[in-house]
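Now for the letters of each chain:
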Amino acid sequence: MQIILLGIAAILGFLFVVILISALIGVPCLPTHSKQARKMIELASLKDGMKAVDLGSGAGRLLFLAAKSGAKIVGYELNPVLVIWSRLMIRLRGLSKNIRVVMKSVYKADLKNADVIFTFLMNGPMKKLEPKLFSECKPGATIISYTFPIPGHEPVHVEDGIFVYKVGEV
């Protein structure tokens, strides 16, 4: 019983630290639901050798799903606790060849070689990110946004709250 209580306390402590750091950096930690994460990966049509980026990778749910498809993916995350957690999980799962996590703002992310970009950003950050997405991504790149559409752009597909865009297409 004492071990269970200790485990619960550790989990609650971890969540408290994640939420506190998220509040301090001004970006909430909102995990993508499992069902929608799988749908995002499906809509991305990831294949071996493709390059993907997750802007605000959190605890890494999309990173691990993308790696299963054979894609190489880079996650950008500002919360140091989530970066450490993701890196630990990557090592434990033996996925260091396919996944990398960078502690850097999504606004400074390297997008130029990405075939697919994943986002789950609220309206304000999405509006700020929009010019970068459509100027730095290569033509034909796919941008997949969960819940929040990209202002000023028409998606090529919408399904289950997921917006799919193609760079260079209107």
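Predicted, not measured: the structure shown is a model, and the values here were computed from it. (Residues numbered from 1 in each chain as written. Predicted model: local features only at pLDDT ≥ 70, side-chain atom pairs only at ≥ 80, totals over all residues. Heavy atoms only, no water.)

Provide a residue-level description of the nonpolar core, including the pertinent values.
One finds Leu46, Ile99, Val116, Phe118 and Ile144 to be the most contacted residues of the largest nonpolar core, which totals 26 residues. Mapped onto this core, the elements with two or more residues apiece are α2 (34-44), α3 (61-68), α4 (80-92), β3 (99-102), β4 (116-119), β5 (142-146) and β7 (162-166). The contacts of valine 116, once residues within four sequence positions are left out, are Ala44, Leu46, Met50, Lys51, Ala52, Val53, Thr142 and Ile144. Listed in part, the 21 residues of the second largest apolar core include Leu55, Leu129, Tyr165 and Val167. (Core = buried A, V, L, I, M, F, W, Y, C linked by side-chain atoms within 4.5 Å. Buried < 20%, exposed > 50% of the residue type's maximum accessible area, 1.4 Å probe, protein only. Helix = DSSP H or I, 4+ residues; strand = E, 2+ residues; numbered from the N terminus. Contact = heavy atoms within 4.5 Å.)

Lay out a nonpolar patch on the surface with the relevant residues and their values.
Taken together, Trp85, Leu88 and Leu92 make up a surface patch of nonpolar side chains, about 300 Å² in accessible area. Along the chain, the position of tryptophan 85 falls in helix α4. (Patch = residues over 30% accessible without salt bridge, like charges linked within 9 Å, V, L, I, M, F, W, Y side chains within 5 Å. Areas by Shrake-Rupley, 256 points an atom, 1.4 Å probe, with all protein chains shown as cover. Salt bridge = Lys/Arg side-chain N within 4 Å of Asp/Glu carboxyl O.)

Describe in detail α3, supporting the description with residues and values.
Those residues of α3 lying buried are Leu62, Leu63, Phe64, Ala66 and Ala67. Looking at the buried side of α3, the elements it contacts are α2, β1 (51-55), β2 (72-76), α4, β3 and β4. Directly after α3, the chain includes glycine 70, whose backbone phi takes a positive value near 95 degrees.

Give a detailed account of unusual backbone geometry, specifying residues and quantitative values.
The general pattern is negative phi for most residues beyond glycine and trans for most peptide bonds. Its identity as a non-glycine residue notwithstanding, threonine 147 has a phi of 75 degrees, on the positive side. Looking at the element boundaries, threonine 147 is found in the loop between β5 and β6 (157-159). With a phi angle near 50 degrees, aspartate 160 is a residue other than glycine that sits in the positive phi range.

Describe the packing of aromatic side chains, and please don't skip the residues or the numbers.
Counting across every chain of the model gives 3 aromatic pairs. Ring geometry for phenylalanine 120 and tyrosine 146: centres 4.6 Å apart, planes at 65 degrees, overall edge-to-face. A residue pair is termed long-range when its members are at least 10 positions apart, and phenylalanine 120 in the loop between β4 and α5 (123-136) and tyrosine 146 in strand β5 qualify at 26 residues. The buried category is assigned to tyrosine 146, whose relative accessible area is 7%. Taking the centre distance of 6.3 Å and the plane angle of 25 degrees together, the rings of phenylalanine 120 and phenylalanine 148 count as stacked. Of this pair, phenylalanine 120 sits in the loop between β4 and α5 while phenylalanine 148 sits in the loop between β5 and β6; the two residues are 28 residues apart in sequence, bridging distant segments of the chain. What makes phenylalanine 148 buried here is its relative accessible area of 17%. A cation over an aromatic ring shows up here: arginine 93 above the ring of phenylalanine 64, its NZ or CZ 4.0 Å from the ring centre. Here lysine 128 stacks its cationic end above the ring of tyrosine 107, 4.2 Å away from the centre of that ring. (Phe/Tyr/Trp six-rings, centres within 6.5 Å; stacked < 30°, edge-to-face > 60°. Lys NZ or Arg CZ within 6 Å of the ring centre and 35° of its normal.)

Give me the lowdown on the pattern of salt bridges, citing residues and values where you can.
Here the structure, examined in full by the defined rule, presents 5 salt bridges. Residue lysine 39 is joined to glutamate 159 by a salt bridge in which the shortest nitrogen-to-oxygen separation is 2.8 Å. Within this pair, whereas lysine 39 is found in helix α2, its partner glutamate 159 is found in strand β6, the two being separated by 120 residues in sequence. In this structure, lysine 112 and aspartate 110 form a salt bridge, with 3.1 Å as the shortest nitrogen-oxygen distance. The exposure class assigned to aspartate 110 is partly exposed, which follows from its relative accessible area of 37%. In the salt-bridge network here, residues are joined through shared partners; they are Lys39, Glu42 and Glu159.

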